[in-house]
Amino acid sequence: MSADLRPRGRWIRRGAVLAAIAALLLAAAFGTRFGRDPTLVDSPLIGQPAPPIDLIRLDGEASWSLADQAGDIVVVNFWASWCVPCREEHDDLVAAAAQYERAGVSFVGIVYQDDPSQAVAFLDELGHGYPHLVDPGSRTAIDYGVFGIPETYFIDRDGTVVAKVTGASDLELLTRTLDTILAGDVPESATRPGYQNQR
């Protein structure tokens, strides 16, 4: 090997060693999370009284108030027609709303930064299922600390936020969470694939 190729070979070997060390450090960092659910998230609202909701329905016919749902478990879903994960989760939300209606569980959707006509078209295509509300100026979304969509909050019969799903929910997750709340236990919050951070 010529003398001018030796330094290059040394740099390649050093680069490979550094890459291997970096890979080991990453593996160690992720390894400390083994045995823990990587989807768990915290929210400052968990364990706190739910912020009030008093908004006009998307169809414009009446208002909807969280206070009127006193004694019910309430599932609040923030969504928009332009949100692909919102489309993916919609059927499961509608199915869960129907499944738990007689158990004293109310679902409500809050349209997030969307054209109301587009939101209506979305629901006309996929099904309404439960009340959907408009949120002028995103005031309610701000009160709930919405960071992106979809986000789903679970409020117990005492009006306390007990769980949050960040990203698209599915029927299995909704069922497990609601069954836990109905049993008087505290569910775990989760981050799901497809979350669309808007900040």
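Structural data are supplied above this passage.
Residues numbered from 1 in each chain as written. Predicted model: local features only at pLDDT ≥ 70, side-chain atom pairs only at ≥ 80, totals over all residues. Heavy atoms only, no water.

Draft legend 1. A look at the overall build of the protein chain. Counting its secondary structure elements, the protein chain contains five helices and 10 strands. Of the roughly 10900 Å² of accessible surface on the protein chain, 56% is carried by carbon and sulfur atoms. (Helix = DSSP H or I, 4+ residues; strand = E, 2+ residues; numbered from the N terminus. Areas by Shrake-Rupley, 256 points an atom, 1.4 Å probe, with all protein chains shown as cover.)

Draft legend 2. Examining the layout of surface pockets more closely. Of the volumes computed, that of the largest pocket is approximately 150 Å³. Considering the residues around the largest pocket, the lining is formed by Ile73, Asp156, Arg157, Asp158, Val162, Ile181, Leu182, Gly184, Asp185 and Val186. The residue inventory of the lining of the largest pocket, partitioned by class, reads five nonpolar, one polar and four charged. (1 Å grid on protein atoms, 1.4 Å probe; cavity = no way out; pocket = protein on both sides within 12 Å on 5 of 7 lines; lining within 4 Å. Points joined across faces, edges and corners; volume = space filled by probe spheres on them. Nonpolar A, V, L, I, M, F, W, Y, C, P; charged D, E, K, R; others polar.)

Draft legend 3. Structural view of the pairing of strand 7 (residues 151-155). The buried count for strand 7 comes to five of five residues, which makes it a mostly enclosed element. Side chains Glu151, Tyr153 and Ile155 of strand 7 all project onto a buried face; the interleaved residues Thr152 and Phe154 project onto the opposite face, where all are buried too. Bridge count for strand 3 (residues 73-79) against strand 7 is five bridges, and the pairing is antiparallel. From the neighbouring strand, Asn77 faces strand 7, where its bridge partner is Thr152. Where strand 7 meets strand 8 (residues 161-166), five bridges bridge the pair, whose relative direction is antiparallel. If you follow Ile155 over to strand 8, its bridge partner there is Val161. (Buried < 20%, exposed > 50% of the residue type's maximum accessible area, 1.4 Å probe, protein only. Pairing = 2+ DSSP bridges.)

Draft legend 4. Expanded view of the nonpolar core. Formed by 29 residues in total, the largest nonpolar core has its most connected members in Ile53, Val76, Phe78 and Tyr144. For this core, the secondary structure elements donating two or more residues are strand 3, strand 4 (105-111), helix 3 (116-126) and strand 7. A total of four residues in this core trace back to one element, the largest contributor, which is strand 3. Filtering out sequence-adjacent residues up to four positions away, Phe78 remains in contact with Ile110, Thr140, Ala141, Tyr144, Val146, Ile149, Pro150, Glu151 and Tyr153. Grouped together as the second largest cluster of nonpolar side chains are 17 residues, Tyr100, Val105, Val165 and Leu173 included. (Core = buried A, V, L, I, M, F, W, Y, C linked by side-chain atoms within 4.5 Å. Contact = heavy atoms within 4.5 Å.)

Draft legend 5. Summary view of the packing of aromatic side chains. Under the criterion given, the structure shown has five aromatic pairs. Each ring, one from Phe78 and one from Tyr144, has its centre 5.7 Å from the other, and the planes form 50 degrees; the classification is tilted. One end of the pair, Phe78, is in strand 3; the other, Tyr144, is in the loop between helix 4 (139-143) and strand 6 (148-149), with 66 residues separating them in the sequence. Judged by its relative accessible area of 0%, Phe78 is buried. (Phe/Tyr/Trp six-rings, centres within 6.5 Å; stacked < 30°, edge-to-face > 60°.)

Draft legend 6. Representation of empty space enclosed by the protein. The full count for this structure, using the stated rule, is one cavity of 30 Å³ or more. Space inside the largest cavity adds up to approximately 30 Å³. In terms of lining residues, the largest cavity is bounded by Asn77, Trp79, Cys86, Glu89, His90, Leu93, Phe122, Tyr130 and His132. Counting only elements with at least two residues in the lining of the largest cavity, the list comes to strand 3 and helix 2 (84-100). Top contributing element to the lining of the largest cavity by residue count: helix 2, with four residues.

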